Amino acid sequence: MASSPAITGPCSSFYRLSSRNILSGCTSLSRASSWPRRGAAAAASGGVVCKSSGDSAAAAAATALTAASPTPKRRDPVRTHTISVFVGDESGIINRIAGVFARRGYNIESLAVGLNKDKALFTIVVSGTDKVLRQVIEQLNKLVNVLKVEDLSREPMVEREMMLVKLNVEPAKHPEVMVLVDIFRAKVVDISEHTLTIEVTGDPGKIVAVLRNLSKFGIKEIARTGKIALRREKIGETAPFWRFSASSYPDLEVAASKSVQSKSKLKPLIGSVEGSVNGGSSNGQSPGGDVYPTELYESFSMNQVLDAHWGVFDDEDSSGLCSHTLSILVNDSPGVLNVVTGVFSRRGYNIQSLAVGPAEKEGASRIMTVVPGTDESIGKLVQQLYKLIDVYEVEDITHVPFSERELMLIKVAVNTAARRDILDIAEIFRAKAVDVSDHTVTLQLTGDIDKMVALQRLLEPYGICEVARTGRIALVRESGVDSKYLRGYSIPL
């Protein structure tokens, strides 16, 4: 019997495989004559053509491994968040709020606490993921005296920070420094033979630019307030403070957009807000608070700690009790603020003012605080602070000449007729308008506490919507000039 002709060459193995219908991961070929055409068609259609059984096994194993391995989850990006916490003042509230962040490993980049009578507004800047930060906000809302917590990072906002920086400058370099002061719209608050103290206010980007340009002269000391922020007011009736402004200025109301039901719901609120603007309330009780005056907290009971000495930071009374300004240089690590404020709360000290920000040294932060007490009691407090591991230096600058500053953002309800009056008042106090809407004006003011209180009292009849304030920052005057005797008497609250 005649044998079939033998097929040699590279296509012989593929012809045998196709005749026996053995796939083994290779493309089936029915005839050897059609191999080049079918192989090209298979490659064009995405098919896999294997040259040997070993290659096919390796490809199958790789495919199975890829299918079995889970797809990696996308991690949430780390962002910088600005959190506004509105609280009722009581002893130890700063320590409890700082403890919420410390227990979860968050490092507070900056903290500004502005007190006003029996309320306080914390502005905290932290970095973290959105998921974990939502959990922190939920934990803050569980605290008893916390009234409101907001994350302002997701909305347009006005953010400001103030810094006092002391430079080692020789007289020959003064003109070069003054050029930079004019460029950044800063101010010189103290000058001596070999030093220069500058005050600068702006957003965080401006502060970084100033430090970058001034570092070549030699920075001796820095005091920063930390960032404060207020939400930029929207235009129209959807704005948060539209109803508050409309109650202060009825001409802002639009009759066409107001239904009968909305007027009935708005009437009790308008009456209460009008009472607060005029200094009282419809039921004879003060609604309290200057940050969110449209939200009444009359049913909220709190232990008021701030006494009559709050606001009188320079005058001593007959008992020797006065407000002491402490400058604390600490290590920049998570939980250090909780440890420092814990020393105050455990020993019953009331913190009247607090400002936390980066210091002149790498990896260090400076805490500026104002604490009432006698010289003896504050001396014991300083000794206790020196026992902490993360504390580098503690200095009580109360009895030496120092330059002090505070920063305030205040949002006032206005209409078209009253806007000019408010801007004239702002010009007298050298305040700056940083945001304007059809029913509000936001002003920025720097100075001492007497200047803050005086402007706030003048703007109360117009209707104050929101206030964000920093604590006091201070640096020792190298010139030795004591300016507190030139300011007159402090304004009591």
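Each value, and the rule that gives it
- Residues numbered from 1 in each chain as written.
- Predicted model: local features only at pLDDT ≥ 70, side-chain atom pairs only at ≥ 80, totals over all residues.
- Heavy atoms only, no water.
- Core = buried A, V, L, I, M, F, W, Y, C linked by side-chain atoms within 4.5 Å.
- Buried < 20%, exposed > 50% of the residue type's maximum accessible area, 1.4 Å probe, protein only.
- Helix = DSSP H or I, 4+ residues; strand = E, 2+ residues; numbered from the N terminus.
- Contact = heavy atoms within 4.5 Å.
- 1 Å grid on protein atoms, 1.4 Å probe; cavity = no way out; pocket = protein on both sides within 12 Å on 5 of 7 lines; lining within 4 Å.
- Points joined across faces, edges and corners; volume = space filled by probe spheres on them.
- Nonpolar A, V, L, I, M, F, W, Y, C, P; charged D, E, K, R; others polar.
- Patch = residues over 30% accessible without salt bridge, like charges linked within 9 Å, V, L, I, M, F, W, Y side chains within 5 Å.
- Areas by Shrake-Rupley, 256 points an atom, 1.4 Å probe, with all protein chains shown as cover.
- Salt bridge = Lys/Arg side-chain N within 4 Å of Asp/Glu carboxyl O.
- pLDDT = per-residue confidence, 0-100.
- Expected span 1.5 Å × (residues − 1).
- Arc of directions from axis to C-beta.
- Phe/Tyr/Trp six-rings, centres within 6.5 Å; stacked < 30°, edge-to-face > 60°.
- Axes fitted to C-alpha atoms, helices over the stretch in contact; angles between N-to-C directions.
- Parallel < 35°, antiparallel > 145°, perpendicular 65-115°, else oblique.
- Left-handed = near helix turned anticlockwise from the far one by under 90°.

## Examining the nonpolar core
Counting residues in each nonpolar core, the largest one holds 45 residues, and the members touching the most others are Val-85, Ile-97, Phe-101, Phe-122, Ile-328, Val-340 and Phe-344. With six residues, the top contributor of residues to this core is helix H4 (residues 93-103). Contact partners of Phe-101, with chain neighbours within four places excluded, come to Ile-83, Tyr-106, Ile-108, Ile-124, Val-126, Val-136 and Leu-140. Grouped together as the second largest cluster of nonpolar side chains are 23 residues, Leu-121, Met-162, Leu-164 and Val-476 included.

## A short note on empty space enclosed by the protein
For the coordinates displayed, the defined rule picks out nine cavities of 30 Å³ or more. Approximately 140 Å³ is the volume attributed to the second largest cavity. Elements supplying a minimum of two residues to the lining of the second largest cavity: H4, strand S10 (322-331), helix H10 (336-346) and strand S12 (364-373). Broken down by class, the residue content of the lining of the second largest cavity amounts to eleven nonpolar, six polar and one charged.

## Things to note about a nonpolar patch on the surface
A contiguous nonpolar surface patch, about 230 Å² in accessible area, is contributed by Met-178, Val-188 and Ile-191. Within the element layout of this structure, Met-178 appears in helix H6 (residues 174-183). Of the residues examined, Met-178 reaches a relative accessible area of 34% and is grouped as partly exposed.

## A word on the confidence of the model for the protein chain
For the protein chain, the average pLDDT comes to 75, and 68% of its residues sit at 70 or higher. The model gives residues 17-52 a pLDDT under 50, and that stretch makes 27 contacts with residues more than four places away or in other chains. A low-confidence stretch, residues 255-314 (pLDDT under 50), is modelled with 105 contacts involving residues beyond four sequence positions or located in other chains.

## Concerning helix H11 (residues 375-386)
Counted at 1.5 Å a residue, the expected span for H11 with its twelve residues is 16 Å, and the 17 Å between its end C-alpha atoms agrees. If you check which residues of H11 are buried, you get Ser-377, Ile-378, Leu-381, Val-382 and Leu-385. When H11 is viewed along its axis, its buried side chains cluster within an angular range of 145° and face the same direction. Set apart from the buried face of H11 by more than 90 degrees, the exposed residues are Glu-376 and Gln-383. As for H11, its buried residues are in contact with S10, H10, S12 and strand S13 (391-396).

## Looking at helix H13 (residues 449-459)
Across the eleven residues of H13, eight count as buried, placing the element largely inside the fold. All of the buried residues along H13 are Ile-449, Asp-450, Lys-451, Met-452, Val-453, Leu-455, Gln-456 and Leu-459.

## Section: the packing of aromatic side chains
For the structure on display, the rule yields one aromatic pair. Ring centres 6.5 Å apart and planes at 80° place the aromatic pair Phe-241 and Phe-244 in the edge-to-face group. Judged by relative accessible area, Phe-244 falls into the buried class, the value being 2%.

## Here's the deal with the pattern of salt bridges
Throughout the structure, instances matching the rule amount to 21 salt bridges. For the salt bridge of Arg-154 with Asp-130, the shortest nitrogen-to-oxygen distance reads 3.1 Å. Residue Arg-154 is located in the loop between strand S4 (146-151) and strand S5 (157-168), and its partner Asp-130 is located in helix H5 (residues 130-141); the two are separated by 24 residues in the primary sequence. Since its relative accessible area comes to 60%, Arg-154 is described here as exposed. Notably, a salt bridge pairs Glu-176 with Lys-216, separated by 3.3 Å at the nearest N-O pair. Highlighted residues: Glu-176 in helix H6 and Lys-216 in the loop between helix H7 (204-214) and strand S8 (219-224), separated in sequence by 40 residues. It is possible to trace a salt-bridge network through shared partners that takes in Lys-166, Lys-220, Glu-221, Glu-360, Arg-366 and Glu-478.

## Describing the packing of H4 against H5
At a minimum axis separation of 10 Å, H4 and H5 run at an interaxial angle of 150°. The angle between H4 and H5 falls in the class roughly antiparallel. As for how H4 packs across H5, the hand of that crossing is right-handed. When H4 is examined against H5, the residues Ile-97, Val-100 and Phe-101 are found in contact with a partner set consisting of Val-136, Gln-139 and Leu-140. Class assignment for the residues of the contact of H4 with H5 results in five nonpolar, one polar and no charged.

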